[in-house]
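Chain by chain, the residues:
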Amino acid sequence: MQAAVSSRAPRRAAQAIRRIAVILVAILALAGIASLFVTGRATSELQQSRKRVEALSAEIRQLEKENVRLRSEIDSVKSSTYAVERIAREDLGMSRKGEVIYLLPR
């Protein structure tokens, strides 16, 4: 009877090891699949963030150009009466005494 018991023990141990190995492989496979989804989402978010940074950088460059233009206009207004008259006429619709203003439809 001991011979039968001793031959079953290695089989049971081998089966237990196989079961553990199968379970570990299944867990690793599921973890790998889950990481693909997480990594894919992170990559997508990274690409969106990079596009947003590029768009904001372009907007900053455009606003910096606008600031330079406005600063030069401010300097012009401070130093010239012609610039003040031009702004009064074009932007505010003002005129000198005796001038006639013609407004054209757009």
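Please refer to the structure higher up on the page.
Nothing here was measured: the structure is a model prediction, and the numbers come from that model. (Residues numbered from 1 in each chain as written. Predicted model: local features only at pLDDT ≥ 70, side-chain atom pairs only at ≥ 80, totals over all residues. Heavy atoms only, no water.)

Peer 1: Just checking my understanding: could you explain the overall build of the chain for this structure?
Peer 2: Scanning the chain for helices and strands turns up 2 helices and 0 strands. Here the C-alpha atoms of the chain give a radius of gyration of 40 Å, more than 25% beyond the 13 Å that 2.2 N^0.38 yields for 106 residues. In terms of principal-axis extent, the alpha carbons of the chain reach across some 130 × 35 × 10 Å. Each of the 106 residues in the chain was classed as buried or not, and the buried ones make up 2%. Accessible surface computed for the chain: about 10100 Å², of which carbon and sulfur atoms make up 62%. The positive charge centre, built from 19 side chains, and the negative charge centre, built from 11, are 24 Å apart in the chain. (Helix = DSSP H or I, 4+ residues; strand = E, 2+ residues; numbered from the N terminus. Rg over C-alpha atoms; globule rule 2.2 N^0.38 Å. Buried < 20%, exposed > 50% of the residue type's maximum accessible area, 1.4 Å probe, protein only. Areas by Shrake-Rupley, 256 points an atom, 1.4 Å probe, with all protein chains shown as cover. Lys, Arg positive; Asp, Glu negative; His and termini not counted. Charge placed at Lys NZ, Arg CZ, Asp CG, Glu CD.)

Peer 1: Whenever I open this one, the pattern of salt bridges confuses me. Can you help?
Peer 2: Oppositely charged side chains are able to pair whenever their charged atoms sit close together. Taken as a whole and assessed by the stated rule, the structure comprises 6 salt bridges. A network of salt bridges, in which partner residues are shared, links Glu85, Arg89, Arg96 and Glu99. (Salt bridge = Lys/Arg side-chain N within 4 Å of Asp/Glu carboxyl O.)

Peer 1: What is the right way to read the environment of Val22 from this model?
Peer 2: When you line up the elements, Val22 lands in helix H1 (residues 2-79). On the accessibility criterion, Val22 (58% relative accessible area) is exposed.

Peer 1: What am I meant to see in a nonpolar patch on the surface here?
Peer 2: Where nonpolar side chains cluster on the molecular surface, the patch consists of Leu30, Ile33 and Phe37 and spans about 350 Å² of accessible area. Take Ile33: it is sitting in helix H1. Using a relative accessible area of 46% as the deciding quantity, one classes Ile33 as partly exposed. (Patch = residues over 30% accessible without salt bridge, like charges linked within 9 Å, V, L, I, M, F, W, Y side chains within 5 Å.)

Peer 1: Explain the environment of Glu90 here, please?
Peer 2: With respect to the helices and strands, Glu90 occurs in helix H2 (residues 81-90). The spatial distance from the C-alpha of Glu90 to the C-alpha of Leu36 is 61 Å, given a sequence separation of 54 residues.

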